[in-house]
Number of protein chains: 6
Amino acid sequence: MVYLTRVEHFNAAHKLFNPGWSRQQNEAVFGKCANENWHGHNYELHVTIKGEPDPDTGFVLDVKKLSEIIGRQVLDKLDHLNLNMDVDFMQGKMCSTENLAIAIWGQLERFLPVAVQLHCIKLYETPRIFVEYYGR
Amino acid sequence: MVYLTRVEHFNAAHKLFNPGWSRQQNEAVFGKCANENWHGHNYELHVTIKGEPDPDTGFVLDVKKLSEIIGRQVLDKLDHLNLNMDVDFMQGKMCSTENLAIAIWGQLERFLPVAVQLHCIKLYETPRIFVEYYGR
Amino acid sequence: MVYLTRVEHFNAAHKLFNPGWSRQQNEAVFGKCANENWHGHNYELHVTIKGEPDPDTGFVLDVKKLSEIIGRQVLDKLDHLNLNMDVDFMQGKMCSTENLAIAIWGQLERFLPVAVQLHCIKLYETPRIFVEYYGR
Amino acid sequence: MVYLTRVEHFNAAHKLFNPGWSRQQNEAVFGKCANENWHGHNYELHVTIKGEPDPDTGFVLDVKKLSEIIGRQVLDKLDHLNLNMDVDFMQGKMCSTENLAIAIWGQLERFLPVAVQLHCIKLYETPRIFVEYYGR
Amino acid sequence: MVYLTRVEHFNAAHKLFNPGWSRQQNEAVFGKCANENWHGHNYELHVTIKGEPDPDTGFVLDVKKLSEIIGRQVLDKLDHLNLNMDVDFMQGKMCSTENLAIAIWGQLERFLPVAVQLHCIKLYETPRIFVEYYGR
Amino acid sequence: MVYLTRVEHFNAAHKLFNPGWSRQQNEAVFGKCANENWHGHNYELHVTIKGEPDPDTGFVLDVKKLSEIIGRQVLDKLDHLNLNMDVDFMQGKMCSTENLAIAIWGQLERFLPVAVQLHCIKLYETPRIFVEYYGR
């Protein structure tokens, strides 16, 4: 079993704002992240899959194919967009990095070839804050 | 003469949208960057000053003081905010990285101690796109 | 279960010197690291916790709170200090990166909220040498 | 148990070319990577071992010794060479990053001291593509 | 005047070998870099242009256009290729990083729009070795 | 004219302490950096030289030779040492990054081959603080 990781990037706006709370409560909990006019990030996304290298190619999966799947299922739906407003699979969810990583797992899992398994979604919000999700 | 650089970060939302143009023209020129619901970045800011090291301290300027000035004049006005909507010194300007670097120069220049000179504002929009401005 | 990591930094002096050994033996084993006048590093610390995202915030833990705990329990006791001389929780221990990571685990574990668990202490001594400790 | 990682680098040429296939088939599968005149990479190698810190040194293993073993068993046989033509332990194998990581594991495992275990070979082909192998 | 930089990457094989010298002399001067079977690198290329921001866009030059020009004039001719064998504009030249940077300048200069000037080609051979060329 | 840069590293202890001042004054000015028991850093050093590429080699200077000169004249005298106590060319100087960069220039300038000129010493104290010195 070998683990293969592809690193991708996307830029997005978001805010952390619980619609069930007052504005004061949102500011008390989320501070600057609750700014109603949004802020944003350069997200760095590491997608790790696992599988056996194919004897003919030496590949767990052709990394170009992995990159195309990530592009179509994830980046096209997030890049240069507003996570709260523009992204169908984030509707009704708090746009934390934790929830975004879980949602990206959900976007990717069913589109990978059967010979490989999704292992980890690692998502950097900034170079000093990141989350990892292993599907359970 | 020694050049001293302090690296800082801020996260902000913006869009590239010329209000004198139609939406189609904006999308034709700015593509995804014109998304009306905003996107955002982790900006990395390098502020370089120059001067002679003080004989008593060995410092061109105490880097903590430089960091405080950048914090008060720049980061407090940009971090976790919307460049187009929330920033007084960007009003009426296109929020390109070029214009933002020039504006940051304008914010900092007059607040530095007289013994040093502002040399360069280097601003990364992403790890692969950056601008430099030397004040002229 | 989601894993959340906060990256922090501290600068410290240390030496690798076993007081039960002669100076020659220390130099034979630790080489330049045994220099009696100390040397130092910019340590990079990754603290990873795990837990379920809170439904109201989307957070495993507010990363500002995690950063405050790391600041109070770890950075305030290590940053700009001498690991051998100034740090109570390193007294009587060899100041290797391995032992420092184990000690940082001990400092943090009991101060985290009960809803989360400490998962990993990853400590870089240089960009090319790092250790990881998982608490057992 | 503590995990210790040493990061090393090597530069090598390779191509992805299955000798059992026609040139067209190779180009269809491997694209630019099948260029018959080779291309190359700056590989970054992370070798992670695990063990208990020695009470006298605080070390899982002296990182200089680990680096010497990696140098002798791996880097001397890969650096500034052609993976397909010059490397005995890659003969008859597709020179994918996956297969190279597995082969590096095989080179290192038997040369480590008995007190430690090889835990992971992590190999970056580019900053955005890497594989990990845990020996099974 | 603002300076705008775009960072790009390409992977290539090369060797340092002076055809007017004996193999011994090449090995004496170039060491491992003279390996007749090639080695290779992940090159990182920084292209810096300068100009005045356009009042309508805020751009010195649309970075997507800059990236397309670099792609067509430079990357398409270098990426996943052999610098000594496959690149017309390196024929008859030693394939040092210095000469490659000068040649990339020559490839780009005449294809840039007249409103901007090429300022610097910065080329990393490895993360620890890079050259800069300013056109004279 | 081409500029060639070699990146090197060294680890050292230091403190910022003016012996002509009281301990209180030192603490008021230098804060944590005045800790009498020292602290330390992983310094990153960029040495840039300039010259014409040699027609036979394509090199401004063989980077291995540049690295050897830096090793002998700079790293051997700084690495794993105490800047205040162990370094002859820092005696009687404040051990600021500014003064250290100027002193490294002095160490290197006269040992470079006549065909090249020293252009810049760039010295990182941390990833967020660096100085540059151009010899005047």
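Keep in mind that what you see is a predicted model, and the values were worked out from it rather than measured.

*Asks:* Sorry, what's going on with the packing of aromatic side chains here?
*Replies:* Where two aromatic rings form a pair, the distance of their centres and the angle of their planes describe that pair. Scanning the model with the defined rule gives 36 aromatic pairs over all chains in all. Centroid distance A:Phe59 to D:Phe30: 5.6 Å. Interplanar angle 80 degrees. Geometry classified as edge-to-face. Here A:Phe59 is found in the loop between β2 (39-51) and α2 (63-78), whereas its partner D:Phe30 is found in helix α1 (residues 23-30) on a different chain. The same class applies to A:Phe59 and to D:Phe30, which are both buried.

*Asks:* Would you mind going over the interface of chain A and chain B with me for this structure?
*Replies:* How big an interface is tends to be expressed through the accessible area that disappears when the partners come together. The partner chain B presents 21 residues to the 21 residues of chain A that form the contact. For the pair chain A and chain B, the summed buried surface comes to about 1,700 Å²; carbon and sulfur atoms form 49% of the total. Among the residues chain A hides against chain B, the three largest losses belong to A:Asn37, A:Asn42 and A:His80. Together they make up 35% of the total. The salt bridge involving B:Asp79 is made with A:Lys32; its shortest N-O contact spans 2.6 Å.

*Asks:* Mind showing me how you'd approach the relation of the copies chain A and chain B here?
*Replies:* One copy of the chain maps onto the other through a rotation about an axis followed by a shift along the same axis. Note on the identical chains: chain A maps onto chain B by a rotation of 180 degrees and an axial translation of 0.0 Å, with an RMSD of 0.0 Å. Put plainly, the chains are arranged around a two-fold axis. Most of the interface of chain A is mirrored in chain B: 100% of its interface residues are interface residues there too.

*Asks:* Is there a simple way to explain the pairing of strand β2 (residues 39-51) of chain B in this structure?
*Replies:* Residues in a regular strand project their side chains so that they alternate between the two faces of the sheet. Residue and element names in this part refer to chain B. Judged by how many residues are buried, β2 sits mostly within the fold: 12 of 13 residues are covered. Here strand β1 (residues 2-14) runs beside β2; their pairing, made up of 13 bridges, is antiparallel. Note on β2: the bridge partner recorded for Leu4 is Ile49. Across seven bridges, β2 lies against strand β4 (residues 117-126) in antiparallel orientation. Paired with Val47 across the two strands is Ile121, which belongs to β4.

*Asks:* I would appreciate a short explanation of the relation of the copies chain D and chain A in the present structure.
*Replies:* For the match of chain D to chain A, the screw axis carries a shift of 0.0 Å, the RMSD comes to 0.0 Å, and the turn is 120 degrees. Those values place the two copies in the arrangement expected of a three-fold rotation axis. Relative to the rotation axis, the C-alpha of D:Pro127 is the closest in chain D, positioned 8.6 Å from it.

*Asks:* Help me understand the interface of chain D and chain A, please; the structure alone is not making it clear to me.
*Replies:* Listed as interface residues are 19 residues of chain D and, on the opposing side, 22 residues of chain A. At the boundary of chain D with chain A, total buried surface from both sides reaches about 1,700 Å², with 56% on carbon and sulfur atoms. If you sort the residues of chain D by the area they bury against chain A, D:Glu98, D:Arg128 and D:Phe130 come out on top, with a joint share of 37%. At the boundary of chain D and chain A, one finds one salt bridge. Our enumeration of links across chain D and chain A arrives at eight residue pairs in polar contact (both at pLDDT 80 or more). Secondary structure elements with two or more residues in the side of chain D that touches chain A: α1, α4 (97-109) and β5 (129-133) of chain D. At five residues, the largest contribution of residues to the side of chain D that touches chain A is made by β5(D). By residue class, the composition of the side of chain D that touches chain A is 12 nonpolar, three polar and four charged. Sheet topology note: the strand β1 (residues 2-14) of chain A/β5(D) ladder contains five bridges and is antiparallel. Among the inter-strand pairings, A:Tyr3 is bridged to a residue of β5(D), identified as D:Glu132.

What counts, and at which threshold
- Residues numbered from 1 in each chain as written.
- Chains lettered and ligands numbered in written order.
- Predicted model: local features only at pLDDT ≥ 70, side-chain atom pairs only at ≥ 80, totals over all residues.
- Heavy atoms only, no water.
- Phe/Tyr/Trp six-rings, centres within 6.5 Å; stacked < 30°, edge-to-face > 60°.
- Helix = DSSP H or I, 4+ residues; strand = E, 2+ residues; numbered from the N terminus.
- Buried < 20%, exposed > 50% of the residue type's maximum accessible area, 1.4 Å probe, protein only.
- Contact = heavy atoms within 4.5 Å.
- Buried area = accessible area lost by both parts, 1.4 Å probe.
- Salt bridge = Lys/Arg side-chain N within 4 Å of Asp/Glu carboxyl O.
- Least-squares fit on C-alpha atoms with pLDDT ≥ 70 in both.
- Pairing = 2+ DSSP bridges.
- Polar contact = N/O pair within 3.5 Å; in protein donor to acceptor, adjacent residues only side chain to side chain.
- Nonpolar A, V, L, I, M, F, W, Y, C, P; charged D, E, K, R; others polar.

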